Amino acid sequence: MIEKRLETSILLGIYEAAIKLVSKNVEFVQKAGLSNQQWIILIHLAKDPNLPYLIREKHDKPMMASELALSLGVTRANITNLLSVLMDKKLVKQIEDKDDRRIKRLTLTPKAEKMISEMSPERMKSNEMHLKGFTKVEKEQFLVLIQKITQNIINDKS
């Protein structure tokens, strides 16, 4: 029989919240004709300073597809397919790395930058709604705790 444990309840609670958050986000991005993963790629390429991956991994240059795959926890092939769709939609373009022409980096098109800018107010309003009832101190503490959990998972070599 499975026993009730605080640690398990916390992690399953985070899991449930993540599922519901993704579901809400899908509604939001579908209005722009995007999938959730496509949206997440766009905000990566926009260098959203709130993305945990970009906080941990400093990026001076535009991102590569392999870095997106690592951040999103998907295969390189999956990223290639998602990028292909975004390039067909004229939202992302590939550029050559300035130091090594064999390396392809990714940038947003002006169309994508405009889309992100136009979606930002609704995104911020939605984010505020999801955290309604939390004080600023509670939000800051929650962020620290989530970052700690993530770092523990990253560091777990078992």
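See the structure shown above.
Residues numbered from 1 in each chain as written. Predicted model: local features only at pLDDT ≥ 70, side-chain atom pairs only at ≥ 80, totals over all residues. Heavy atoms only, no water.

Colleague: Explanation requested: the side chain of Glu67 in the structure shown.
Modeller: Assignment of secondary structure puts Glu67 in helix H4 (residues 65–72). No salt bridge forms around the buried Glu67; measuring N to O, its nearest opposite-charge neighbour Arg105 is 4.1 Å away. If near-sequence neighbours (up to four positions away) are discounted, Glu67 is found in contact with Tyr53, His59, Pro62 and Arg105. (Helix = DSSP H or I, 4+ residues; strand = E, 2+ residues; numbered from the N terminus. Buried < 20%, exposed > 50% of the residue type's maximum accessible area, 1.4 Å probe, protein only. Lys, Arg positive; Asp, Glu negative; His and termini not counted. Salt bridge = Lys/Arg side-chain N within 4 Å of Asp/Glu carboxyl O. Contact = heavy atoms within 4.5 Å.)

Colleague: So what exactly am I meant to see when it comes to the pattern of salt bridges here?
Modeller: Side chains carrying opposite charge are able to pair once their charged atoms draw close together. Per the stated rule, a full pass over the model turns up 11 salt bridges. One salt bridge in this structure joins Asp99 and Lys61, with 2.8 Å as the shortest N-O distance. Taken together, the positions of Asp99 in the loop between strand E1 (92–96) and strand E2 (104–108) and Lys61 in the loop between helix H3 (52–56) and H4 put the pair 38 residues apart, joining distant regions of the chain.

Colleague: Teacher, can you tell me more about the pairing of E2 here?
Modeller: With respect to burial, E2 is a largely interior element, 4 of its 5 residues being buried. Across 5 bridges, E1 lies against E2 in antiparallel orientation. For Ile95, the partnering residue across the bridge sits in E2 and is Arg105. (Pairing = 2+ DSSP bridges.)

Colleague: I would appreciate a short explanation of helix H5 (residues 76–88) in the present structure.
Modeller: Owing to its 3.6 residues per turn, the α-helix aligns residues three or four sequence positions apart on the same side. Look at H5: 18 Å from first C-alpha to last across 13 residues, which is about the 18 Å you get at 1.5 Å a residue. By the burial criterion, the buried members of H5 are Ile79, Leu82, Leu83 and Leu86. In an axial view of H5, the angular spread of the buried residues amounts to 100°, which keeps them on one side of the axis. Pointing more than 90 degrees away from the buried face of H5 are the exposed residues Asn81 and Asp88. In the core, the buried residues of H5 are packed alongside helix H2 (36–45), H4, E1 and E2. Residue Lys90 follows H5 closely and has a positive phi angle near 60°. (Expected span 1.5 Å × (residues − 1). Arc of directions from axis to C-beta.)

Colleague: Looking at this structure, how should I read the nonpolar core?
Modeller: Leu42 and Val92 are the most contacted members of the largest nonpolar core, which has 27 residues in total. Of all the secondary structure elements, the ones that give two or more residues to this core are helix H1 (6–30), H2, H3, H4, H5, E2 and helix H6 (110–130). Every residue in contact with Leu42, bar those within four places of it in the chain, is listed here: Leu34, Leu86, Leu91, Val92, Leu108, Ala112, Met115 and Ile116. (Core = buried A, V, L, I, M, F, W, Y, C linked by side-chain atoms within 4.5 Å.)

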